[in-house]
Amino acid sequence: MKPFLRSQLERYAQRLGELDFLLSREDIMSDMAQYRRISVEHAEVTQVAGRYARYQQREADLAGAREMLADPDMAEMAQEEITSAEAELLQLEDELQRLLLPKDPDDARNAFVEIRAGTGGDESALFAGDLTRMYTRYAANVGWKVEVVSENAAELGGYKEIVLRIEGDHVYGALKFESGGHRVQRVPATETQGRIHTSACTVAVMPEPDEHEAIKLNPADLRIDTFRASGAGGQHINKTDSAVRVVHLPTGIVAECQDGRSQHSNKAKALQVLQARIQEKERSERAAKEAALRKGLIGSGDRSDRIRTYNFPQGRLTDHRINLTLYKLLYVMEGDLGDVLQALQHAREAEQLEELEMGATG
């Protein structure tokens, strides 16, 4: 194990003692907010300290087994123990490295996923529909719940723009690297010459704001309009003017919701989307500044960053940020996104680990 990792882990054992002492104090036990905050840290520190204690135990076992190798009667058993301990130590080191990485507090949140058709006209709108299906299918596979907050359907199918709210365990953390430009290359159904067309969509993944924070918007900065929900008949046809559009005047950011039955619920959802968009604007500006200082693999999540190409004639998906190419495009479009999301997560973890090391040596 690298010395910088070991020194970080030693601090956890020390911190655990401090937290045990704090949680035993009556003044902290009587302050619920402080008690909860310290309990959360205690649970995280306990996990790391526990795994590190196991690592140290296996190190001691390994050293003992190596000493036993000299005894011919014990050599075979010692060799088995060495193999087992070495394998577990590698696994524990990998686990401990991940546990030490800084966590984004928003990772555990639900998310809004906004998909917009870009260049390519009708074909781009159809692709926005395909991406919507891909994320919806993936969400169903992992047990998340999806609802449509607002949609602007295109005439020939698909969407000019759609906003989904995805609820479940660790949604934002899993999907946040999906933000950016998605490009598709395929022969459209309307193409008689069999030529391949290229079109694009942008995806923005935003953490759902805390309910209490959403109220912080100044009402004087908002213009709220109601309008009749549009849609291709069916469930939309009997709706009154219950759809709501909210404009944040200082930034010009707009959000609308037309999915709920009441104006009240649509307004609440539209305000949440608006809050998420405002926070996302601040986040992407910060990320762009940071990216200018150090060019990260994953980029800043800017919509203008072309992050991925879906090439249908070759059945190929390529993520340009991490040079990942998979020849299982049809499976991915049906929601088999796990390999892609995991590869991006691992690339980011490797990047964070490098930053940690540089910070420790710098």
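Fair warning: this is a prediction, and the values are worked out from it, not measured in the lab. (Residues numbered from 1 in each chain as written. Predicted model: local features only at pLDDT ≥ 70, side-chain atom pairs only at ≥ 80, totals over all residues. Heavy atoms only, no water.)

A. The arrangement of the overall build of the protein in detail. Within the protein, the regular secondary structure consists of 10 helices and 11 strands. Put simply, the protein has 362 residues, and 42% of those count as buried. Taking as baseline every contact in the protein between residues at least 6 positions apart, the subset at least 24 positions apart corresponds to 62%. Of the roughly 19700 Å² of accessible surface on the protein, 51% is carried by carbon and sulfur atoms. (Helix = DSSP H or I, 4+ residues; strand = E, 2+ residues; numbered from the N terminus. Buried < 20%, exposed > 50% of the residue type's maximum accessible area, 1.4 Å probe, protein only. Contact = heavy atoms within 4.5 Å. Areas by Shrake-Rupley, 256 points an atom, 1.4 Å probe, with all protein chains shown as cover.)

B. Quick peek at the pattern of salt bridges. Scanning all chains against the criterion turns up 36 salt bridges. R165 serves as the salt-bridge partner of E167, at 3.0 Å between the closest nitrogen and oxygen. Looking at R165, the relative accessible area reads 15%, which means it is buried. Between R348 and E351 there is a salt bridge, with the nearest N and O atoms lying 2.6 Å from each other. (Salt bridge = Lys/Arg side-chain N within 4 Å of Asp/Glu carboxyl O.)

C. Examining the environment of G17 more closely. In this structure, G17 sits in helix α1 (residues 3-23). Spatially, the C-alpha atom of G17 lies 9.9 Å from that of T46, the residues being 29 residues apart in sequence.

D. The sheet that holds strand β11 (residues 324-326), seen in detail. Taking strand neighbours across the sheet as the criterion, the eight strands line up as β2-β3-β1-β5-β4-β9-β10-β11 in an open arrangement whose pairing is mixed. A single partner strand is all that each edge strand has here, and the edge strands are β2 (145-153) and β11. Each strand of the sheet is rotated relative to its neighbour by a mean of 15°, with strand direction disregarded. Bridge count between strand β4 (residues 180-186) and strand β9 (residues 306-311): five bridges; the pairing is parallel. When the sheet's bridge partners are listed, Q185 is paired in β9 with N311. (Pairing = 2+ DSSP bridges. Axes fitted to C-alpha atoms, helices over the stretch in contact; angles between N-to-C directions.)

E. Fine view of α1. The end-to-end C-alpha separation of α1 is 31 Å, in line with the 30 Å expected for 21 residues at 1.5 Å each. Buried residues of α1: F4, L5, Q8, L9, L16, L19, L22 and L23, and no others. One side of α1 carries all its buried residues, which in axial view fall inside an arc of 135°. Counted as exposed and oriented over 90 degrees from the buried face of α1: P3, Q14 and F21. (Expected span 1.5 Å × (residues − 1). Arc of directions from axis to C-beta.)

F. How the structure looks around the sheet that holds strand β7 (residues 243-248). Taking strand neighbours across the sheet as the criterion, the three strands line up as β6-β7-β8 in an open arrangement whose pairing is antiparallel. Here the strands that pair on one side only, and so sit at the sheet edges, are β6 (222-227) and β8 (253-257). Averaged over neighbouring strand pairs, the angle between their axes works out to 15° when direction is ignored. Sheet topology note: the β7/β8 ladder contains five bridges and is antiparallel. Its bridge partner being in β8, V247 is matched across the sheet by V254.

G. Structural detail: the environment of S150. Looking at the secondary structure, you find S150 in strand β2. We classify S150 as buried; its relative accessible area is 6%. For the pair S150 and C257, spaced 107 residues apart in the sequence, the C-alpha separation amounts to 4.9 Å. Contact partners of S150, with chain neighbours within four places excluded, come to E161, I162, V163, E256, C257 and Q258. Reaching out from S150, the side chain makes a polar contact with the backbone oxygen of E256 at a distance of 3.4 Å. (Polar contact = N/O pair within 3.5 Å; in protein donor to acceptor, adjacent residues only side chain to side chain.)

H. Region of interest: unusual backbone geometry. A positive phi angle, near 60°, is found at H170, a position not held by glycine. For H170, the location among the structural elements is in the loop between β3 (159-167) and α6 (171-175). One non-glycine residue, N323, adopts positive backbone phi at about 50°. Structurally, N323 can be placed in the loop between β10 (316-319) and β11.

I. The arrangement of the packing of helix α3 (residues 32-68) against helix α4 (residues 75-100) in detail. It is at 8 Å that the axes of α3 and α4 come closest, and there the two elements cross at 155°. With respect to their mutual orientation, α3 and α4 come out roughly antiparallel. Crossing of α3 against α4: the hand is left-handed. Among the residues making up the contact of α3 with α4, the classes are represented as 15 nonpolar, two polar and 11 charged. (Parallel < 35°, antiparallel > 145°, perpendicular 65-115°, else oblique. Left-handed = near helix turned anticlockwise from the far one by under 90°. Nonpolar A, V, L, I, M, F, W, Y, C, P; charged D, E, K, R; others polar.)

J. Geometry of the environment of R245. Mapped onto the elements, R245 comes out in strand β7. Taking the relative accessible area as the measure of exposure, R245 reaches 27% and is therefore partly exposed. Separated by 25 residues in the primary sequence, R245 and A270 have C-alpha atoms spaced 6.9 Å apart. In this structure the side chain of R245 is engaged in a polar contact, spanning 3.1 Å, whose partner is the side chain of E256.

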